Amino acid sequence: MICKDHHSLPFLGWLIRLGLFLSLMGISTSVDAQPIWLAKGDSANAYLAKKDYVSAYAMGLRAAQITKPTPQADSVWSSVYSIAGQLPDSVSIATAIKAGTYYVSTNEDDLARTWLLKALSKADHLQLRSYQYQSRVMLAKIELRKQAFDKAGALYISVLNDTTATEYTTYQIEALLGLSGVCVYKQQIDSAKFLSQKALVAIKKLPGYEKSRLYPIAKSQQTLLALLENDLTTALRESEESYSVASKIMPNDPLIIGIAYQYAYIQGDINDQKALDATRLARRVLNQQPNHVRHPHYLYLYANEIALLRVLDRNQEAALLADSVLQKHPLDELITFAGADNLLSRITQTYIGARRTTPLEKIVQKVQEWVVNKSYKESLNPSFLYSLLGRYYQHTGNYVEAVRCLKEEWRLDSLAYGGNQINFSLMNRLATCQAKAGQRADAYTSFNRLVTDYERNIRTNIWLMSDAERDNYLQTTTVQGLFWHFLHRRNPVPEEIELAYNYKLINQGVRLHMNRTINRYLYRQNNGHAGLPTIRQLMETRIRLSDRRFNGSAEQRQQWQQQADSLERSMGGEAIALNQALRPVRWQHVQAKLKPGEAAVEIVFYTNYSRGEEVSDSNAYAAFLIRPGWITPQVISLPDPASLGHNVNSNQTGGRLIQDYYRNIVFSPINQKRVFEQFWQPISDALGPVNRLYMAMDGGYQRINPCTIQNPRTKRYISGEVEIVLLNSTQDLLASPQPSTSRTAELIGHPAYTLSRLPVTSQQDKTKRSRQSRLRNGIKLDELPYTEIEVRQLAKLFRSFRLQTRERLDTSASEKAFQRMQSPKILHVATHGLLRDSSSQITSGSLLNCGLALAGAADTSQHKDHTDGLLTGYEASLLNLHNTELVTLSACESGAGDYVEGEGINGLQRAFLLAGAQSVLVSLWKVEDQLTQQLMNDFYRFWLAGASKPQALYKAQAVLRRQHPNPYYWGAFVLLGQ
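Residues numbered from 1 in each chain as written. Predicted model: local features only at pLDDT ≥ 70, side-chain atom pairs only at ≥ 80, totals over all residues. Heavy atoms only, no water.

1. Remarks on the overall build of the chain
Each helix and strand in the chain was counted, giving 40 helices and 18 strands. Residues counted as buried form 56% of the 978 residues belonging to the chain. A separation threshold of at least 6 residues defines the contact pool for the chain, and within that pool the share at least 24 residues apart is 70%. Within the structure as shown, the chain displays about 41600 Å² of accessible surface, and the carbon and sulfur contribution to it stands at 50%. (Helix = DSSP H or I, 4+ residues; strand = E, 2+ residues; numbered from the N terminus. Buried < 20%, exposed > 50% of the residue type's maximum accessible area, 1.4 Å probe, protein only. Contact = heavy atoms within 4.5 Å. Areas by Shrake-Rupley, 256 points an atom, 1.4 Å probe, with all protein chains shown as cover.)

2. A word on helix α10 (residues 189–203)
Between its first and last C-alpha atoms α10 spans 21 Å; for 15 residues at 1.5 Å apiece the expected length is 21 Å, and the two agree. Among all positions of α10, only Ala192, Leu195, Ser196, Ala199, Leu200, Ala202 and Ile203 are buried. Projected down its long axis, α10 shows its buried positions confined to an angular sector of 160°, all on one face. For α10, the exposed residues lying more than 90 degrees away from the buried face are Asp190 and Phe194. If you follow the buried residues of α10, they end up packed against α9 (170–185) and α11 (214–228). (Expected span 1.5 Å × (residues − 1). Arc of directions from axis to C-beta.)

3. Examining the environment of Arg743
With respect to the secondary-structure elements, Arg743 resides in the loop between β5 (723–727) and β6 (744–751). Exposure remark for Arg743: the relative accessible area of 40% places this residue in the partly exposed category. Considered as a pair, Arg743 and Gln804 are 61 residues apart in the sequence and their alpha carbons are 6.0 Å apart. Among all residues touching Arg743, those that are not within four sequence positions of it are Phe801, Arg802, Leu803, Gln804 and Lys825.

4. Brief notes about the pattern of salt bridges
In the structure shown here, the tally under the stated rule is 33 salt bridges. Its salt-bridge partner being Arg113, residue Asp110 comes within 3.4 Å of it at the nearest N-O pair. Of this pair, Asp110 and Arg113 both sit in helix α6 (residues 109–126), three residues apart, roughly one helical turn. When its relative accessible area of 52% is taken as the criterion, Asp110 is described as exposed. Glu401 serves as the salt-bridge partner of Arg404, at 2.5 Å between the closest nitrogen and oxygen. Here the residue Arg404 and the residue Glu401 both occupy positions in helix α21 (residues 399–417), the gap between them amounting to three residues, near one helical turn. Connected via shared salt-bridge partners are Arg280, Arg283, Glu305, Arg314 and Glu317. (Salt bridge = Lys/Arg side-chain N within 4 Å of Asp/Glu carboxyl O.)

5. Overview of the nonpolar core
Core analysis: the biggest nonpolar cluster contains 223 residues, and Leu482, Leu487, Phe679, Met695, Phe818, Phe912 and Tyr940 have the highest contact counts within it. Contact partners of Leu487, with chain neighbours within four places excluded, come to Ala500, Val604, Tyr606, Ala622, Phe624, Val635 and Ser637. Within the second largest apolar cluster, 47 residues are counted, among which are Ile142, Ala199, Leu200 and Leu225. (Core = buried A, V, L, I, M, F, W, Y, C linked by side-chain atoms within 4.5 Å.)

6. Section: the side chain of Thr350
With respect to the secondary-structure elements, Thr350 resides in helix α18 (residues 340–354). Polar side-chain contacts of Thr350 include one of 2.9 Å to the backbone oxygen of Arg346. For Thr350, the residues in contact, after removing those within four places along its chain, are Ile306, Arg310, Ala318 and Ala319. (Polar contact = N/O pair within 3.5 Å; in protein donor to acceptor, adjacent residues only side chain to side chain.)

7. Describing unusual backbone geometry
Backbone geometry at Gln127 places phi at a positive 55°, although glycine is not the residue there. Relative to the helices and strands, Gln127 is located in the loop between α6 and α7 (129–145). Even without being a glycine, Asp810 presents a positive backbone phi close to 55°. Its location among the elements puts Asp810 in strand β9 (residues 804–810).

8. Brief notes about the packing of aromatic side chains
Two numbers describe a pair of aromatic rings. These are the distance of the centres and the angle of the planes. Tallied over the full model, the rule gives 22 aromatic pairs. Centre to centre, the rings of Phe149 and Tyr185 are 4.5 Å apart; their planes meet at 20°, and the pair counts as stacked. Of this pair, Phe149 sits in helix α8 (residues 149–160) while Tyr185 sits in helix α9; the two residues are 36 residues apart in sequence, bridging distant segments of the chain. Given the relative accessible area of 52%, Tyr185 is considered exposed. Between Tyr261 and Tyr300 the ring centres are 6.1 Å apart and the planes differ by 65°, which places this aromatic pair in the edge-to-face class. Linking Tyr261 in helix α13 (residues 255–267) with Tyr300 in helix α15 (residues 298–311), this pair joins segments that are 39 residues apart in sequence. An aromatic cluster of at least three residues, connected via ring pairs, comprises Tyr454, Phe483, Tyr503 and Tyr606. Seen from the ring of Trp115, Lys118 lies directly overhead, with NZ or CZ sitting 4.3 Å from the centre. The ring of Phe942 has Arg941 lying over it, and the distance from NZ or CZ to the ring centre is 4.8 Å. (Phe/Tyr/Trp six-rings, centres within 6.5 Å; stacked < 30°, edge-to-face > 60°. Lys NZ or Arg CZ within 6 Å of the ring centre and 35° of its normal.)

9. Section: the confidence of the model for the chain
Looking at the chain as a whole, the pLDDT averages 77, with 78% of positions reaching at least 70. The low-confidence segment residues 1–42 (pLDDT under 50) makes 56 contacts with residues lying over four places distant or belonging to another chain. A low-confidence stretch, residues 838–845 stays under pLDDT 50, and its non-local contacts, those more than four residues away or across chains, total 15 contacts. (pLDDT = per-residue confidence, 0-100.)

10. Observations concerning the packing of α8 against α9
In contact at an axis separation of 9 Å, α8 and α9 are set at 150° when each is read in the N-to-C sense. Looking at the two axes, α8 sits roughly antiparallel to α9. The interaxial crossing formed by α8 with α9 has left-handed handedness. For the pair α8 and α9, the contacting residues are Phe149, Ala152, Gly153, Tyr156, Ile157, Val159 and Leu160 in the first and Tyr171, Gln172, Glu174, Ala175, Leu176, Gly178, Leu179, Val182 and Tyr185 in the second. Split by residue class, the contact of α8 with α9 holds twelve nonpolar, three polar and one charged. (Axes fitted to C-alpha atoms, helices over the stretch in contact; angles between N-to-C directions. Parallel < 35°, antiparallel > 145°, perpendicular 65-115°, else oblique. Left-handed = near helix turned anticlockwise from the far one by under 90°. Nonpolar A, V, L, I, M, F, W, Y, C, P; charged D, E, K, R; others polar.)

11. Quick look at the pairing of strand β10 (residues 826–830)
Within β10, five of the five residues are buried, leaving the element largely enclosed by the surrounding structure. Judged by which residues are buried, β10 turns out to be covered on both faces: Ile826, His828 and Ala830 on one side and Leu827 and Val829 on the other are all buried. Relative to β10, β6 is paired through five bridges, and the arrangement is parallel. In the sheet register, Ile748 faces β10, and the bridge partner there is Val829. Where β10 meets strand β14 (residues 886–889), four bridges bridge the pair, whose relative direction is parallel. Its bridge partner being in β14, His828 is matched across the sheet by Thr888. (Pairing = 2+ DSSP bridges.)

12. Some details on the state of the cysteines
This structure, assessed with the given rule, holds zero disulfides. Lacking any disulfide linkage, Cys405 is separated from the closest cysteine sulfur, that of Cys433, by 9.8 Å. Judged by its relative accessible area of 0%, Cys433 is buried. (Disulfide = S-S within 2.5 Å.)

13. Quick look at helix α23 (residues 440–460)
For α23, built from 21 residues, the straight-helix expectation of 30 Å at 1.5 Å per residue is met to within 8% by its first-to-last C-alpha distance of 31 Å. Those residues of α23 that sit buried are Ala443, Ser446, Phe447, Leu450, Val451, Asp453, Tyr454, Glu455, Asn457, Ile458 and Arg459.

14. Thoughts on the environment of Lys141
Residue position: Lys141 is located in helix α7. Contact partners of Lys141, with chain neighbours within four places excluded, come to Tyr156 and Glu174.

15. Comments concerning the pairing of strand β12 (residues 850–853)
Here β12 shows no split at all, with Cys850 and Leu852 on one side and Gly851 and Ala853 on the other all buried. Note that β12 and strand β13 (residues 870–872) share three bridges and pair antiparallel. In the strand pairing of β13, Ala853 is matched with Leu870.

The structure is reproduced here in structure tokens:
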């Protein structure tokens, strides 16, 4: 053993021994570093020989602080402490604190306590207040690790009891935060909030507080307190700031580990990739720390990364990471680490998904042994062990045993965390297994609690999220299996039907309704103008993200996206007082809006599970039906529309092929008969005679126009027997849209796709130009000569009804025209609708995938501003159309888009509904522009003369049908909205 007397062994000797020992531990010292160590040793010996204790101390301290945990480390620190004895007393105290801090970082708490008590004793004797505070704060942290909360609290209080200080020192601020943490552990939340807020106020009095390490720590504490109160909105805001600041000012500091872990925990429900990036950052920093395997977050970070890789469908990476952990740490060793239970649960899920039977069975066998014999270590949380077994039994189909394990997991969690918090994933698995085990009443109770919690969460937690974060949250935080377990039965009971329908009403169109509410509020606050800074900045940012000319670097586009996200959160924050706008909706509310002779149909698309919960075998459809006076809704099963001939993919079929497909296959007598008998007739028989039917389509049925369904016996189309009104959700009946106060009509059409072309004057030139095609990123933009005729004829018609009409043709049919308009009564657009393949580089489901081709769409080099001739759905969703009764997209396939569960078709129609339009008229397939011109003229004439919009569309289609009987020619357009 090295003698503590610094004269007994030269520094060179113990430096060499330390380097040798580190290489034996697998922590090698680079060849390049060895001469530096030798130089340090020579310098230290030289300084000691000269009795230059200041320089010798500096060299020794530098060496000590780069050591790793070794049996000799304490002797190294003792030698440095001995040198410090030759210097002023404060140096000895500082050295003891540094040694204690070192051992805290290596998770060797007993050694750390020894050194810190030595420092505290000397500081108390000399009445050196700063060192007293520092020693006590560090000792309190050690007690917290050991969950000795009373001892930790007493130490923090002793630091705060100094009444002589006029302002809090940094150590006292740390004590405030630490004592707040003690209160959290003791479930004294109000006290914890008070102390945390007091600390934050004190931090903001420090010079340059934004660069202080205390600031992100305080924000992290605020995040924790918000999570404990189930306030995800505040937690998201605080964690964003905490992680953002910490990443900038201390990217390699061990303190960022906990902050990044917390940030990843929150982002796991919102943005999986952000969560994964934060987890990997924390793990990288942690791996650089001495004795990192004993860090409390070591296994939790592995568990997080495995879970996130699975969510991101990177299952192979998840399985390989799980394998690597088990190779490093056999099970008997693994369970001695904190978080082993959580990690094993994640690994089990991974092996179940990957069907890795052998390693899975080994884990389950060991866990069963621990549970039966109660031989698991104190570090293991038994609720995680029951969770692991529950998943295994669910996977193997032993649902009764799965229910028993999951109930025990729930009981243990309730004892540990209180019964007010709900583990959403656990409750969902329990409900599913109860249903599979035939425990019908229990399954209903569990699903009902899930729906209640889901509704509360979306009403309170998504205001301060960006659009993308809302989408991800709503798609990942869903009640899985409810529709399947209730609706696949032949005899669902009324309360099951009601719960399923209510959940559909809650889930359908949440983001659409919320964003319309936020945008309307902000425009009203600014008297309808887009000059409000937040909206103006967001529009400019969206233009940059949409413009292909401004791709920029990946880093630049990421900055733009982050700016857009920040602005969207800000808009939600400004309108958060309107959270009551998301009022609870129940099927009875919809029924109360129905008049005699009316009915409502809500179609639901869900996943059909028949071989266990991990496999989606097929799609399934059902329809909820209600009429005035019914005691409960009815439900009927529906076939997949693909089996009815409606499985066309317009992105893969073009030109004449698409026309032939619709004329000869979709609308063939055989398929028409099939659609009527398998889709319409079951609905009609269940409802009985009705005059008006409100229908909310879902899934593949959103690509079907029910008005084109023909009764094979009477040869009449059903739109001639009942007035059909298409809605995004039957909850749209609860809205009370007021007639537009505007008397203006905007008509935009026949854009000059190439700005540099010469003016066209003669009819011969127009005919020639009609055959021209322009290219936009490989997309052909054919000239549409009839759209000019359509716009001019409609302008004449609108003026005859005393509407102030603006025509925007050729170069005037631009993006700027959209940006400047102020909520006209009618917005009519006649141009190409574009839809990028969802397999492109643009994220599938994004409103960046769809757009309208406008002036300069094929000649972007001529643009002198941040426009590119393409108005994407992403940009259109921010227009001011809150006083607009109707937007007509007289373009080919303007109703196309990607399907998003709970929102419907994510295309142009949704973009304009988000912008506030009451109704949108769109086409489901390509039609000839000459026929479209005729249909539009008749539709507007009937509507402006007094018919309702659905009635006007029916009459216009009937006129066209007499000339062209096949529904392909007259049935492409559907009216959506209120």
